[in-house]
Amino acid sequence: LLGSAESSLAILAQLRAQVLENRPALLLFGNYNAGKSTLINLLLDMDTAPVGDIPLTSSVNAYEWRGIRLLDSPGINAPITHQEITQSELDKVDLILFVIRSGDVDEAAQFEEMARLLAANKQICIVLNCDSSDPQTVQAWHARLNANLLHYLPAAGISEQVIDTIPVLPANLLTATKARQTNQATLMAMSGFTLVESRLSWWANEQWQAARW
């Protein structure tokens with residue numbers, strides 16, 4: 001009986017390891033100051049990921065959120081050694097969450113990197129981190145982002161059909177952080193973060209339901 005129990009525990013441990021290894025993974029990608037760590041802290045509802053104006057994430061840090069792995073990357077414009085760390089994780093993830101700050105919406109390097117990932121058949125979602133919650137201003141940034149997608153991506157061989165499938169979720173992550181700290185539901189709704197959270201929750205559920213294992 002003892003041997004049978006030990007064998008069963010070993011099988012359970014092996015199954016658990018397979019489940020943990022095959023959990024859906026989401027990698028946050030973009031410039032080092034785009035708001036990736038801020039977004040992770042909002043999703044986790046705690047100040048866990050380091051936030052700052054200089055590169056503070058020197059490796060791909062992993063967090064748990066609703067049964068999936070959230071990976072916080074150093075950033076496109078981080079030092080080359082940090083980029084190499086990020087690249088090693090890209091093939092392992094199920095979704096790349098591209099965080100673009102409104103002030104960087106015209107930066108070509110981001111769209112060139114996005115085209116490379118799309119050419120490799122990676123699934124992408126964009127969070128447009130806006131420095132304002134004014135609807136007209138947000139709409140203008142959103143339109144500018146769409147124009148750049150249609151300018152840079154087709155030039156790199158990405159079809160407009162593929163571009164049309166990329167979700168773009170505008171949000172003011174700074175405002176969302178203030179809303180969380182002061183417990184203001186109205187301010188949180190104005191920030192746009194609620195839409196980001198619900199869209200990512202939907203994606204996580206879809207990943208679990210479609211998991212082959």
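Residues numbered from 1 in each chain as written. Predicted model: local features only at pLDDT ≥ 70, side-chain atom pairs only at ≥ 80, totals over all residues. Heavy atoms only, no water.

**Here we look at the packing of helix 2 (residues 36-44) against helix 9 (residues 193-210)**
- Interhelical geometry of helix 2 versus helix 9 gives an angle of 75° and a closest axis separation of 11 Å. By the angle class used here, helix 2 and helix 9 are roughly perpendicular. Counting all contacts with helix 2, which are made through Leu39, Leu42 and Leu43, the residues of helix 9 involved are Phe193, Val196, Glu197 and Leu200.
- Grouping the constituent residues of the contact of helix 2 with helix 9 by class yields 6 nonpolar, no polar and 1 charged. (Axes fitted to C-alpha atoms, helices over the stretch in contact; angles between N-to-C directions. Helix = DSSP H or I, 4+ residues; strand = E, 2+ residues; numbered from the N terminus. Parallel < 35°, antiparallel > 145°, perpendicular 65-115°, else oblique. Contact = heavy atoms within 4.5 Å. Nonpolar A, V, L, I, M, F, W, Y, C, P; charged D, E, K, R; others polar.)

**Section: unusual backbone geometry**
- In this structure, aspartate 45 takes a positive phi of about 60° despite not being glycine.
- Looking at the secondary structure, you find aspartate 45 in the loop between helix 2 and strand 2 (61-65).
- When its relative accessible area of 53% is taken as the criterion, aspartate 45 is described as exposed.
- Phi is positive for arginine 66, which is not a glycine, with a value near 50°.
- For arginine 66, the location among the structural elements is in the loop between strand 2 and strand 3 (68-72). (Buried < 20%, exposed > 50% of the residue type's maximum accessible area, 1.4 Å probe, protein only.)

**Looking at the nonpolar core**
- In terms of nonpolar packing, the biggest core is built from 29 residues, with Phe98, Met114, Ile124, Ile126, Leu145, Leu149 and Leu153 touching the most fellow members.
- With 5 residues, helix 4 (residues 108-119) is the single largest residue contributor to this core.
- Ignoring sequence-local partners within four residues, the contact set of isoleucine 126 consists of Phe98, Ile100, Met114, Leu145, Leu149, Ile166, Pro167, Val168 and Leu169. (Core = buried A, V, L, I, M, F, W, Y, C linked by side-chain atoms within 4.5 Å.)

**Re the packing of helix 4 against helix 5 (residues 135-155)**
- Here helix 4 crosses helix 5 at 60°, and the two axes come no closer than 10 Å. By the angle between their axes, helix 4 is oblique relative to helix 5. Taken as a pair, helix 4 and helix 5 cross one another with a handedness that is right-handed. Seen from helix 4, the contacting residues are Ala108, Phe111, Met114, Ala115 and Leu118; seen from helix 5, they are Leu145, Asn148, Leu149, Tyr152 and Leu153.
- Looking at side-chain class alone, the contact of helix 4 with helix 5 contains 9 nonpolar, 1 polar and no charged residues. (Left-handed = near helix turned anticlockwise from the far one by under 90°.)

**Topic: the sheet that holds strand 3**
- Spatially, 6 strands are ordered 2-3-1-4-5-6 in an open sheet, and the strand pairing comes out mixed. The sheet is open, and its two edges are formed by strand 2 and strand 6 (168-171), each paired on a single side. Direction aside, neighbouring strands of the sheet carry axes that sit 25° apart on average.
- Relative to strand 3, strand 1 (residues 25-29) runs parallel, the two being bridged by 4 bridges. Across the sheet, the residue bridging to leucine 27 is leucine 71, located in strand 3.
- On top of the sheet, helix 4 reaches strand 1, strand 4 (95-101) and strand 5 (124-129); it is set at about 170° to strand 4, its chief contact. (Pairing = 2+ DSSP bridges.)

**Describing the side chain of lysine 36**
- Checked against the element boundaries, lysine 36 lands in helix 2.
- Buried and unpaired, lysine 36 has aspartate 72 as its nearest opposite-charge partner, separated by 5.2 Å.
- Of the polar contacts made by the side chain of lysine 36, one reaches the backbone oxygen of asparagine 31; its length is 2.6 Å.
- In this view, lysine 36 contacts Leu28, Phe29, Gly30, Asn31, Asp72, Ser73, Pro74, Gly75 and Val99; residues no more than four positions away in its chain are not counted. (Lys, Arg positive; Asp, Glu negative; His and termini not counted. Salt bridge = Lys/Arg side-chain N within 4 Å of Asp/Glu carboxyl O. Polar contact = N/O pair within 3.5 Å; in protein donor to acceptor, adjacent residues only side chain to side chain.)

**Topic: the pairing of strand 4**
- Among the 7 residues that make up strand 4, 6 are buried, leaving the element largely enclosed by the rest of the structure.
- Where strand 1 lies against strand 4, 4 bridges are found, and the strand directions are parallel. In the strand pairing of strand 4, leucine 27 is matched with isoleucine 96.
- By the bridge criterion, 6 bridges tie strand 4 to strand 5 in an arrangement that is parallel. Counted as the bridge partner of arginine 101 is asparagine 129 from strand 5.
- Handedness of the crossover joining strand 4 and strand 5 through helix 4: right-handed. (Right-handed = clockwise from strand over helix to strand, strands pointing away.)

By themselves these figures say nothing about function.
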